[in-house]
Amino acid sequence: MVSDFLELGLSTEILNAVAELGFEKPTPVQGTVIPKLLVEDGDIVCLAQTGTGKTAAFGLPALEYLDRTNPRTQILILCPTRELCRQISQDLTNYSKYLDGIRIVSVYGGANITGQMKDLKRGAHIIVATPGRLLDLMKREAADISDIRTLILDEADEMLNMGFKDELDAILAQAPEQRRSLLFSATLPKEVEEIARSYMKNPEVVTVGQRNAGSDNVEHYYYMVKEEDRYSALKRIADFNPDIYAIVFCKTREETQKIADALQKDGYDADALHGDLSQAQRDHVMERFKRHALHMLVATDVAARGIDVSDLTHVINYNLPQEIELYTHRSGRTGRADKKGVSIAIINQRERGKIRRIEAVIKKQFTRLPVPGAREICERQLVHLINGINNVDVRDDIYSFMPVINELWDGISREDLVKKILSYEFNRFFDYYRKAKDLNIPEKEKKDRRKSSVRDSEDAASGDNTAVKGRKANDGNPGDCEKGYVWLRLNMGYKNRVIPRDIISIMKACGIGKKAVGKIEIFNEFLYVALKESVADYAKSQLNGATYDRRRLSASLLR
Ligand code: AMP
């Protein structure tokens, strides 16, 4: 894999455009695929998640070997949605900024076909299309693919999921034999394999990242609540993350609208995106989301396809999807390029099995997080507000008002003033959370406890450095802990049905990884967890006062 743009063999014009976009080094899919496309022949099937930089992986080489002196269509890119069509065209336009005279036309359903016919008539070196609309345009003889040299199927699995199989068959049957075909897909179900077998010539299969695996940059968490608390949990997640910029996935259009309406009513910048909206309404919602006027986009899977927003802070599964592959697609919307992403699932007690099944497919573990309580949320919000005030740009305009301001605040102490200002902004939070209940439910019923214990001993057997020294009926002192570690004592224990996995989750929620956790000893009322010296003080400060399972935690170190 090539890890420097300069070594990929791209022309200066393209390198300059890419540098202006702020791309510093090729992503893995670019480093792997671009050299193959520039130097070697042959078809390629590339298994890569969305958000890995695959548009440039196929787009940059395609632009390199385009013959600008030939006005006919040479490159055809098929993708599942209108949004993705537009995104790909925009990306190609950006990449070809310094290449004169390249015509890129995108055609998709839900838009006026006459305008698209006119665009095509003016000439298109590259057509970016959804299959249904392209076929329609081919039938009307407005699009001609008889001369294409390169065919790119982007998000092939999504195109098939969306029922474009017949259209694809019809289009591919008309594409010339002498062409290079590239297929990009996040997953490789049988249907995609069949397309590759039928329409590609001995394709080389390139896997970037693990097959079917979630993006390495994405952390997966779940919150477990009673079914009736699902919506409250969503609000808590939003309140606990004041800078949230998220897609909230729902199962149905009705639920999507209901949740978006409720969020709006409760004062959040949220809106719905689903198939019952007109194209103009969807465009309006997307435009607001892209410029961050909306902080939460509540969407169905179908409507969210092709949305390219690279700076999402969270993907939230308000409900887990029926098909596990959809989870991969959802979580792939965050953690794009080199950024970290967070995928959250809100589940009820009966859905834990689903989490385990997803873990098996994506080969990553979920961490259970406690639903934040009133105190943590209010503290986070306060810190956010104060940071906002600290960082505000004080403009000159304010100076002329200072006499009035000083008069109105004359005689008020600094402390009272701070309290008043913060309360003014904050009382609604205090009011809302004053009576807020703990939404957490215990991890385990009796039956599940046994299962969890088995998993825990499996963890220990698999080289995990967490040694569990049996549960002790009576409280007492722990034994010696490992060298370089220190015991942290927490005020919950066997009585509270805590198991080692919970402790690992709690530590993870504080930002402390498994490697910093040593032995765990659980007594009836208390537990002791050995932590690396370097993180112990930090853990104590994070845990003191936090809530877990309706308990206010108290942490101390045994030094
Ligand atoms: P894609 O998978 O093509 O949709 O790309 C996902 C996001 O990553 C887009 O916002 C791209 O602009 C961005 N991107 C693509 N390649 C790079 C790169 N080499 N460095 C940084 N960002 C990139």
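Being a predicted model, the structure only gives us computed values, none of them experimental. (Residues numbered from 1 in each chain as written. Predicted model: local features only at pLDDT ≥ 70, side-chain atom pairs only at ≥ 80, totals over all residues. Heavy atoms only, no water.)

Engineer: Would you mind going over unusual backbone geometry in detail, with residue names and values included?
Structural biologist: The residue glutamate 155 is not glycine, and still its phi comes out positive at about 50 degrees. Position of glutamate 155 relative to the elements: it lies in the loop between β5 (150-153) and α7 (156-161). In this structure, asparagine 202 is a non-glycine residue whose phi angle is positive, near 35 degrees. Under the relative-accessibility criterion, asparagine 202 is labelled exposed at 75%. (Helix = DSSP H or I, 4+ residues; strand = E, 2+ residues; numbered from the N terminus. Buried < 20%, exposed > 50% of the residue type's maximum accessible area, 1.4 Å probe, protein only.)

Engineer: Requested: an account of the site of the ligand, with residues and values cited.
Structural biologist: Taken together, 14 residues lie around the ligand, and Lys25, Gln30, Thr52, Gly53 and Thr55 are the ones closest in. Within the contact set of the ligand, a nitrogen atom lies 2.8 Å away from a side-chain nitrogen or oxygen of glutamine 30. Bound to the protein, the ligand loses 83% of the 500 Å² it would expose on its own. Its residues placed into classes, the shell around the ligand shows three nonpolar, seven polar and four charged. Of the domains in this structure, domain 1 (5-207) and domain 2 (218-373) are the two that each give at least three residues to the shell around the ligand. (Near = heavy atom within 4 Å. Polar contact = N/O pair within 3.5 Å; in protein donor to acceptor, adjacent residues only side chain to side chain. Areas by Shrake-Rupley, 256 points an atom, 1.4 Å probe, with all protein chains shown as cover. Nonpolar A, V, L, I, M, F, W, Y, C, P; charged D, E, K, R; others polar. Domains from an automatic or database assignment.)

Engineer: Give me the lowdown on the nonpolar core, citing residues and values where you can.
Structural biologist: With 39 residues, the main nonpolar core has Leu60, Ile77 and Ile126 as its most contacted residues. Listing elements by their share of this core, those giving two or more residues are α1 (12-20), α2 (28-39), β1 (44-47), α3 (54-64), β2 (75-78), α4 (82-95), β4 (126-129) and β6 (180-185). Considering each element in turn, this core owes the most residues, six residues, to α3. Sequence-distant contacts of isoleucine 126, defined by excluding residues within four places in its chain, comprise Leu63, Leu66, Ile75, Ile77, Leu92, Ile102, Arg103, Ile104 and Val105. Counting residues in each nonpolar core, the second largest holds 34 residues, with Leu160, Leu168, Ile171 and Ile195 among its members. (Core = buried A, V, L, I, M, F, W, Y, C linked by side-chain atoms within 4.5 Å. Contact = heavy atoms within 4.5 Å.)

Engineer: I'd like to hear about the domain arrangement of the protein, residue by residue, with values.
Structural biologist: Per the domain assignment, the segments of the protein are domain 1 (5-207), domain 2 (218-373), domain 3 (375-434) and domain 4 (464-558). Centre-to-centre, using C-alpha coordinates, domain 2 lies 31 Å away from domain 4. If you look at the interface, domain 2 gives six residues, while domain 4 gives six residues. For the pair domain 2 and domain 4, the two sides together bury roughly 640 Å², of which 50% comes from carbon and sulfur. Of all residues in domain 2, Thr367, Arg368 and Pro370 give up the largest surface area on contact with domain 4, accounting jointly for 56% of the area buried on that side. Seen at the junction of domain 2 and domain 4, the total is zero salt bridges. Here domain 2 is connected to domain 4 by one residue pair in polar contact (both at pLDDT 80 or more). (Buried area = accessible area lost by both parts, 1.4 Å probe. Salt bridge = Lys/Arg side-chain N within 4 Å of Asp/Glu carboxyl O.)

Engineer: Explain the sheet that holds strand β12 (residues 314-317) to me, and be specific about the residues and the numbers.
Structural biologist: Reading across from one edge, β10-β11-β9-β12-β13-β8-β14 is the order of the seven strands in this open sheet, with parallel pairing throughout. In this open sheet, the two strands that pair with only one neighbour each are β10 (270-273) and β14 (366-368). If you compare each strand with its neighbour and ignore which way they point, the axes differ by 25 degrees on average. Of the strand pairs in this sheet, strand β9 (residues 246-249) and strand β11 (residues 296-299) are connected by four bridges, and their pairing is parallel. (Pairing = 2+ DSSP bridges. Axes fitted to C-alpha atoms, helices over the stretch in contact; angles between N-to-C directions.)

Engineer: Give a detailed account of the pattern of salt bridges, specifying residues and quantitative values.
Structural biologist: Throughout the structure, instances matching the rule amount to 24 salt bridges. Residue arginine 230 pairs with glutamate 351 through a salt bridge whose shortest N-O separation is 3.1 Å. On the criterion of sequence distance, the pair formed by arginine 230 in helix α10 (residues 230-240) and glutamate 351 in the loop between β13 (341-347) and α15 (352-362) is long-range, its members being 121 residues apart. Classification of arginine 230 by relative accessible area gives buried; the value is 4%. Residue class for glutamate 351 comes out buried when judged on its relative accessible area of 12%. A salt bridge links arginine 288 to aspartate 271, with the shortest nitrogen-to-oxygen separation between them at 3.2 Å.

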